[in-house]
Amino acid sequence: MRSPGRVAYLALLIAAAFVLSSLERALPSPVPMIRLGLGNVMTLTAFAVLGLRDGAWVTFGRVALVSFIWGGVFSPTAVMSLTGGAASLMVMIPLALCGRRFSLYGISIGGAFAHISAQLAVASALYVQSADLFRLLPFLGSIALVTGIINGGIATLLASRLSVFYHRDLGQA
Amino acid sequence: MGTLVEIAAYPDTGVVRTAVAEAYDRMEAIEAATDHRKEDSVLAALRRGERVTLSGDLRAVFAFAMMIARESSGAFDPTMGKVVSLWGFDMDTPRLPLEQELRNSLKTVGFEKVTLAGSIIKAGSPVWLDLGGVAKGYAVDEAVKVLKEQGASAGIVNAGGDLKAFGKKPGGKRWRIGVQAPDDYQELAGVLEIANGAVATSGDYERYFETGGKRYHHILDPGTGYPARSGLRSVTIVAFDCLLADALSTAIFVMGPEKGLELLKGRDGVHAILVLETGEVLTTDGVGSEVGFERR
Amino acid sequence: MREGKDHFTTSGASSFLQRPTIWDTCLLIFLLLLTFTAPRILIGASGDSLKAGSYIEVRTVDGSSVISLKKDATHIVKGPLGAAKIIIEDGQARMESAPCPLKICEAMGPIKNAGETILCLPNRISVKVTGGEGELDAVSR
């Protein structure tokens, strides 16, 4: 069922997601709060090229690798990454299952929004015991939606290129 | 006194700020005059059995203390100096005295043995005066006098929990004074609302030590020489003057709820909040009407 | 090539690779609305109110402390990443020179009403306004 070629592509996407996430973490942002969420691009690409299950693997693999390698497996940052990833999947997968109704653009913005909403919710509950953090939702949410559109575009482009190679390599018609 | 004094006065002008500095000075002067630890002081002379003349602040505080001693039938007694020293509460090195020592020191206690004639103290034998129970209250009242004389329209002087507020605070609302819950300096038993006046609290949690599984606090019963065990955790008194509030809170703590509340009968403008060991909170009639009180 | 709804194999790929659909736009509008209305509902429901607070509770890994909002001051708070400044001015508190990468916490202030919070997650510092109408002039002990 899982051909070596397929696993190779999966590994490629996970690795790419890890690199993108790491770069994002490493670069200090000149403007507060602007984060591109580029790691999700690979998840979306995986959805398109490899399927939903593998897309989930890309997300979890990215989160796990970033947590292990950059330290803090149980730290707040790791918890937040995991929550964000899990929540975005919980929204993206149902959207993807809706036939042709949503493109990667829609799936991406749904995922991005779920990502920061869940993070705000967890931070509110665990770290401050106050719903006051949701004050940030309008700003963070708008950024999430914008980056969601951008990521959707990048993923669409990337996936269409990649699937050409994929189909060629794996001999699927 | 070893306590932190906070003074806030309004309006915030140069004149008032000078007044605040003077108020602090006044309080320090009173502390120096009533501090029984200094060897060259009048109080030390009393301990040697000499006949002394009291002046100014010392006389005022002593006369008042004697009055409360009479009215409380000795529950409040300013001659407890030797016993207090034995326990070490005044030096911050408290210890449990031996029974024999305690009995000997109790022999020096007894406000009836002392008379004040004008400014001269006559006593049959050496006297150990400890005016800590009232000196703070007196100092607070004097500080408020200084502030008022120098033009402050409103303010509050707080000497480690014994305080007095005067005037209308900016904003016009009444002064909100928290009453600390026993054993937790971050929790409140309630919040008082007063237009002006003094508030003083005596509690078994302010200064104490524990040994042999028992807690010994600093409010001593002049009858036994041991910490008063009257079923009370704290007594908070609201009155016009801090001197009165301070003295009454100590006296009532020693006397207990029934006898203590008797002491307040007929005193206009004096209110009490008692926190019992059971956790119950007793208040006098005026609490809730003349002065506001929110339970916590 | 297998047609149909089997999305767990490669043939499901093509359904996503398209330009944005009407549904995408609907979703976008819906989420935009949500992003601007949800905060009001969530914050109101939790009982936090718009009453000026009198203290802030600062929590770090080492513990927590309570600081008055009535006195202008600069407090230095240390976290695992370094020291941050909490500045109290005019009854409001804000975070300055935080050592975290995104500086979200710096943009979260100034806060002054009961319940409002600033959170610096990487540096494990939280600042929450408490006190509300219960402000006291003094405490008798």
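Reading guide: rules and limits
Residues numbered from 1 in each chain as written. Chains lettered and ligands numbered in written order. Predicted model: local features only at pLDDT ≥ 70, side-chain atom pairs only at ≥ 80, totals over all residues. Helix = DSSP H or I, 4+ residues; strand = E, 2+ residues; numbered from the N terminus. Buried ≥ 20, exposed ≤ 12 C-beta atoms within 10 Å, placed from the backbone. Contact = placed C-beta atoms within 7 Å. Nonpolar A, V, L, I, M, F, W, Y, C, P; charged D, E, K, R; others polar. Pairing = 2+ DSSP bridges. pLDDT = per-residue confidence, 0-100. Axes fitted to C-alpha atoms, helices over the stretch in contact; angles between N-to-C directions. Left-handed = near helix turned anticlockwise from the far one by under 90°.

Participant: When you look at the overall build of chain B in this model, what are you seeing that I'm missing?
Facilitator: Secondary structure assignment for chain B yields 8 helices and 15 strands. When the 296 residues of chain B are sorted by exposure, 47% land in the buried category. Taking the contacts inside chain B whose residues are at least 6 apart along the sequence as the reference set, 63% of them involve residues at least 24 apart.

Participant: Could you clarify how one ought to interpret the interface of chain C and chain A in this entry?
Facilitator: As a measure of interface size, the accessible area lost when the parts come together is often cited. Between chain C and chain A, the residue contacts involve 44 residues of the former and 49 residues of the latter. Elements with a contribution of two residues or more to the side of chain C that touches chain A: α1 (22-45), α2 (104-108), β6 (117-120) and β7 (125-130) of chain C. Top contributing element to the side of chain C that touches chain A by residue count: α1 of chain C, with 12 residues. Class assignment for the residues of the side of chain C that touches chain A results in 24 nonpolar, 12 polar and 8 charged.

Participant: Is there a simple way to explain the interface of chain B and chain C in this structure?
Facilitator: Contact with chain B, which involves 20 residues of that partner, is made by 8 residues of chain C. Listed by contribution, the elements that provide at least two residues to the side of chain B that touches chain C are β5 (154-159), β6 (162-166), β7 (175-181) and β9 (197-203) of chain B. Counting residues per element, the side of chain B that touches chain C draws most heavily on β7 of chain B, which supplies 6 residues. Bridge count for β7 of chain B against strand β8 (residues 138-140) of chain C is 3 bridges, and the pairing is parallel.

Participant: It is not clear to me how unusual backbone geometry should be interpreted in this structure. Could you clarify?
Facilitator: Excluding glycine, residues mostly carry a negative phi; peptide bonds, for their part, are mostly trans. Between Tyr-10 of chain B and the following residue, Pro-11 of chain B, the backbone shows a cis peptide bond with an omega angle of -5 degrees. Among the secondary structure elements, Pro-11 of chain B is positioned in the loop between β1 (5-10) and α1 (14-34). Positive phi, close to 55 degrees, is recorded for Ser-73 of chain B, a residue that is not glycine. Note on placement: Ser-73 of chain B falls in the loop between α3 (56-71) and α4 (81-87). By C-beta crowding, Ser-73 of chain B is classed as partly exposed, having 13 other C-beta atoms within 10 Å. Despite not being glycine, Asp-90 of chain C shows a phi value in the positive range, around 55 degrees. Here Asp-90 of chain C shows up in the loop between β4 (82-89) and β5 (92-96). For Asp-90 of chain C, a count of 9 C-beta atoms within 10 Å corresponds to the exposed category.

Participant: For this particular structure, what's the right way to read the confidence of the model for chain B?
Facilitator: As a note on interpretation, predicted positions should not be read in detail where pLDDT is low. Of all residues in chain B, 99% attain a pLDDT of 70 or more, and the chain-wide mean is 89. Here the predicted complex carries an ipTM of 0.85, next to a pTM of 0.55.

Participant: Help me understand the packing of helix α5 (residues 104-128) of chain A against helix α6 (residues 137-170) of chain A, please; the structure alone is not making it clear to me.
Facilitator: Packed helices, taken two at a time, are described by the angle their axes make and the gap between the axes. Residues and elements named next belong to chain A. Two elements in contact, α5 and α6, have axes separated by 7 Å at closest approach and are oriented at 145 degrees. When you trace α5 past α6, the crossing you get is right-handed. When grouped by side-chain class, the residues that make up the contact of α5 with α6 number 13 nonpolar, 10 polar and no charged.

Participant: What's the story with the environment of Phe-134 of chain A in this structure? I'm lost.
Facilitator: Tracing the backbone shows Phe-134 of chain A in the loop between α5 and α6. Considered as a pair, Phe-134 of chain A and Ser-117 of chain A are 17 residues apart in the sequence and their alpha carbons are 8.6 Å apart.

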